[in-house]
Amino acid sequence: MNTVSDASFQDSSPLTRSRLAPNPGPMSLDGTNSYVIAAPDSAGVVVVDPGPLDESHLASLAAAGTVELVLVTHRHKDHSEASARFHELTGAPVRAADPEHCHGGEPLRGGEVIRAAGVEIRVLATPGHTSDSVCFHLPDDGPDGSVLTGDTILGRGTTVLDYPDGRLGDYLSSLDTLEGLGPATLLPAHGPVLPAVDAVCREYRAHREMRLNQIREALARLGAQAEVEAVTDAVYPDVDPSVRWAAETSVAAQLDFLRS
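The shown structure was predicted, so the numbers you read here are calculated from the model rather than taken from an experiment.

(A) Expanded view of the overall build of the chain. In terms of helices and strands, the chain carries 7 helices and 11 strands. Taken against the 2.2 N^0.38 rule, which gives 18 Å for 260 residues, the C-alpha radius of gyration of the chain at 19 Å falls within 12% of a compact globule. In terms of overall dimensions, the chain has a C-alpha envelope of 65 × 35 × 30 Å along the principal axes. In the chain, which comprises 260 residues, the share counted as buried stands at 53%. The long-range share in the chain, meaning contacts at least 24 apart out of those at least 6 apart in sequence, stands at 56%. With the model as given, the accessible surface of the chain reaches about 10900 Å², and the carbon-plus-sulfur share is 51%. The centroid of the 19 positive side-chain charges in the chain is displaced by 3 Å from the centroid of its 37 negative side-chain charges.

Next up, the structure:
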């Protein structure tokens, strides 16, 4: 049985705990939430998104139990950078959708069911934030289950589409997939736990529709072939310079969607 106690972990759901990596920033919010999944009577654990390369953070994750498996939601460094080092520390296979981020394990497949640490984990392909984004559905985690969403849905704010790798059409389809899980607890990689993924998906979709309408209005004023920079000025006039690139990336993704 896993009896390791560490005050730096937070109980996030009946079958999960999380530890906040020390990497706060404009895009990572308070930092990356690394999750530990395990049934109450399991000595083994599954770690999701070991995060940035921080030895203290990795040591705490490694001490959470016998690490059977490491899962990565997507390729961005604040989730995957420490994967190779964590594989060295624990010997556990690391699996991601992108083979580049696998270490001793096979690439993840959408629709795959994994059983590890006494828990059933269903892999959902959810491209949009990036092309390799996946979420992990735990159907037995509480009365409505839970879903680890990586950056596909955040606990606070909205998700940037990493265009051209991430695409809005894919993202909207991924929201449909997640909404189909009903009121599952939402376990995001950034920000707080939220109570119902289906409700958040509807909010996210409404936000995207609002932004698309703003861009349509901007194009009506600026011309159908207006450049990304001009549309960003019109839609995000007060954006902080530190996240200007993110606004431009989102605008580019939405222009691509509208012009496709």
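(B) Quick look at the pairing of strand E9 (residues 134-138). Of all 5 residues in E9, 5 are buried; the element is thus mostly enclosed. Judged by which residues are buried, E9 turns out to be covered on both faces: Val134, Phe136 and Leu138 on one side and Cys135 and His137 on the other are all buried. Note that strand E8 (residues 119-125) and E9 share 4 bridges and pair antiparallel. Pairing of Ala125 across the sheet is with Val134, part of E9. Pairing geometry for E9 and strand E10 (residues 146-150), over 3 bridges, is antiparallel.

(C) Region of the structure containing the pattern of salt bridges. If you walk through the whole model with that rule in mind, you get 15 salt bridges. With a closest N to O distance of 3.1 Å, Arg202 and Glu179 form a salt bridge. Taken together, the positions of Arg202 in helix H5 (residues 197-222) and Glu179 in helix H4 (residues 168-179) put the pair 23 residues apart, joining distant regions of the chain. A residue is classified by how much of its surface remains accessible, and Arg202, at 42% relative accessible area, is partly exposed. On the accessibility criterion, Glu179 (22% relative accessible area) is partly exposed.

(D) Representation of the nonpolar core within the structure. Grouped together as the largest cluster of nonpolar side chains are 37 residues, with contacts concentrated most on Val46, Leu71, Ile121 and Phe136. Going through the elements one at a time, strand E3 (33-37), strand E4 (44-48), helix H1 (55-62), strand E5 (66-71), strand E7 (113-116), E8 and E9 are the ones with two or more residues in this core. Excluding anything up to four places from it in sequence, Ile121 contacts Ile37, Val46, Leu71, Glu112, Val113, Ile114, Phe136, His137 and Leu138. Core analysis: the second largest hydrophobic core is formed by 21 residues, Leu124, Ile153, Leu161 and Val200 among them.

(E) Structural detail: the side chain of Thr126. Mapped onto the secondary structure, Thr126 falls in the loop between E8 and E9. Assessed through its relative accessible area of 0%, Thr126 is described here as buried. Excluding residues that lie within four positions of it along the chain, Thr126 makes contacts with Ser133, Val134, Cys135, Thr152, Ser174 and Leu178.

(F) Structural view of the side chain of His79. Note on placement: His79 falls in helix H2 (residues 77-80). Overall, the relative accessible area of 0% leaves His79 in the buried class. Here the side chain of His79 touches Asp78 through a polar contact of 3.3 Å, side chain to side chain. Setting aside anything within four residues of it in sequence, one finds His79 in contact with Thr32, Asp49, Pro50, Gly51, Thr73, His74, Asp151, Ala189 and His190.

(G) Quick peek at the pairing of strand E2 (residues 16-20). With 4 of 5 residues buried, E2 is to be regarded as a mostly interior element. Alignment of strand E1 (residues 9-13) against E2, held across 4 bridges, turns out to be antiparallel. What sits directly across from Gln10, in E2, is Ser18. When E2 meets E3, the two strands line up antiparallel, connected through 5 bridges. Pairing of Ser18 across the sheet is with Tyr35, part of E3.

(H) The packing of H5 against helix H7 (residues 244-259), seen in detail. It is the contact of H5 with H7, at a shortest axis distance of 10 Å, that shows an interaxial angle of 75°. As the angle between them shows, H5 and H7 are arranged roughly perpendicular. Together, Arg208, Arg211, Leu212, Ile215, Arg216 and Leu219 of H5 and Val251, Gln254, Leu255, Phe257, Leu258 and Arg259 of H7 make up the contact between the two elements.

(I) Inspection of H5 at higher detail. Here H5 is 26 residues long and its end C-alpha atoms lie 37 Å apart, about the 38 Å a rise of 1.5 Å per residue gives. Turning to H5, its buried residues number three or more, namely Val197, Asp198, Val200, Cys201, Tyr204, Arg208, Arg211, Leu212, Ile215, Ala218 and Leu219. Elements that come into contact with the buried residues of H5 comprise E10, H4, strand E11 (185-188), helix H6 (228-235) and H7. The positive-phi residue at the C-terminal boundary of H5 is Gly223, with phi of around 110°.

What counts and how
Residues numbered from 1 in each chain as written. Predicted model: local features only at pLDDT ≥ 70, side-chain atom pairs only at ≥ 80, totals over all residues. Heavy atoms only, no water. Helix = DSSP H or I, 4+ residues; strand = E, 2+ residues; numbered from the N terminus. Rg over C-alpha atoms; globule rule 2.2 N^0.38 Å. Buried < 20%, exposed > 50% of the residue type's maximum accessible area, 1.4 Å probe, protein only. Contact = heavy atoms within 4.5 Å. Areas by Shrake-Rupley, 256 points an atom, 1.4 Å probe, with all protein chains shown as cover. Lys, Arg positive; Asp, Glu negative; His and termini not counted. Charge placed at Lys NZ, Arg CZ, Asp CG, Glu CD. Pairing = 2+ DSSP bridges. Salt bridge = Lys/Arg side-chain N within 4 Å of Asp/Glu carboxyl O. Core = buried A, V, L, I, M, F, W, Y, C linked by side-chain atoms within 4.5 Å. Polar contact = N/O pair within 3.5 Å; in protein donor to acceptor, adjacent residues only side chain to side chain. Axes fitted to C-alpha atoms, helices over the stretch in contact; angles between N-to-C directions. Parallel < 35°, antiparallel > 145°, perpendicular 65-115°, else oblique. Expected span 1.5 Å × (residues − 1).

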